[in-house]
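A structural walkthrough
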Amino acid sequence: MDRILELLGTVNEKYPEGSPEDEALRIAAVALLYVRDIQKLGEYREYFRKFYIPAIESVIVSRTFETRDAAEAWLANGTASEGALVRIAGQGFRVITERKGKGLMFLRTPLPEEMK
């Protein structure tokens, strides 16, 4: 926290006193001090993590297939849409257009749980 406040002070030195930037940086610094003073840093850290790491929670797998053959059959039947994210035998794949534009194919796209 102290390092962040020091950094805000350093950045603030680049702006004239009373400027909109000066005011915004002061408000941010005081907000952080307030959170620390009321002993809510733990809650703030958790909020910050949820705010900046929502991608994992927002990844939605549209279909799950036990085998590659089952996934290929679904792809061939024409109901797949470009951009869909699917799970095949525990691995993530994105549906994309083939290079020659003659249909759809799977592109290996690791799911968040595969990255851990």
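The following refers to the structure shown. (Residues numbered from 1 in each chain as written. Predicted model: local features only at pLDDT ≥ 70, side-chain atom pairs only at ≥ 80, totals over all residues. Heavy atoms only, no water.)

1. Things to note about a nonpolar patch on the surface
- Together, Leu7, Val11 and Tyr15 give the surface a local cluster of nonpolar side chains, amounting to about 240 Å² of exposed area.
- Its location among the elements puts Leu7 in helix α1 (residues 2–12). (Patch = residues over 30% accessible without salt bridge, like charges linked within 9 Å, V, L, I, M, F, W, Y side chains within 5 Å. Areas by Shrake-Rupley, 256 points an atom, 1.4 Å probe, with all protein chains shown as cover. Salt bridge = Lys/Arg side-chain N within 4 Å of Asp/Glu carboxyl O. Helix = DSSP H or I, 4+ residues; strand = E, 2+ residues; numbered from the N terminus.)

2. Points about the pattern of salt bridges
- All told, the structure shown has seven salt bridges when counted by the stated rule.
- Arg87 serves as the salt-bridge partner of Glu113, at 2.8 Å between the closest nitrogen and oxygen. Within this pair, whereas Glu113 is found in helix α6 (residues 112–115), its partner Arg87 is found in strand β2 (residues 85–88), the two being separated by 26 residues in sequence.
- On the basis of relative accessibility, which here comes to 44%, the residue Glu113 falls in the partly exposed class. (Buried < 20%, exposed > 50% of the residue type's maximum accessible area, 1.4 Å probe, protein only.)

3. Topic: the nonpolar core
- Judged by nonpolar contacts, Phe65, Ala71, Trp74, Leu75, Ala80, Ala84, Val86, Ile88, Phe93, Val95 and Phe106 together constitute the single largest core of 11 residues.
- Mapped onto this core, the elements with two or more residues apiece are α5 (68–76), β2 and β3 (91–97).
- Take this core: its biggest share by element is three residues, from α5.
- Not counting chain neighbours up to four residues away, the residues in contact with Phe65 comprise Ala70, Ala71, Trp74, Val86, Arg87, Ile88 and Ala89.
- Listed in part, the five residues of the second largest apolar core include Leu5, Leu8, Leu25 and Leu32. (Core = buried A, V, L, I, M, F, W, Y, C linked by side-chain atoms within 4.5 Å. Contact = heavy atoms within 4.5 Å.)

4. Things to note about α1
- Looking at α1, one finds that the buried residues are Leu5, Leu8 and Asn12. Looking straight down α1, one finds its buried side chains confined to an arc of 60°; they lie on one side.
- The inward-facing, buried residues of α1 abut α2 (20–37). (Arc of directions from axis to C-beta.)

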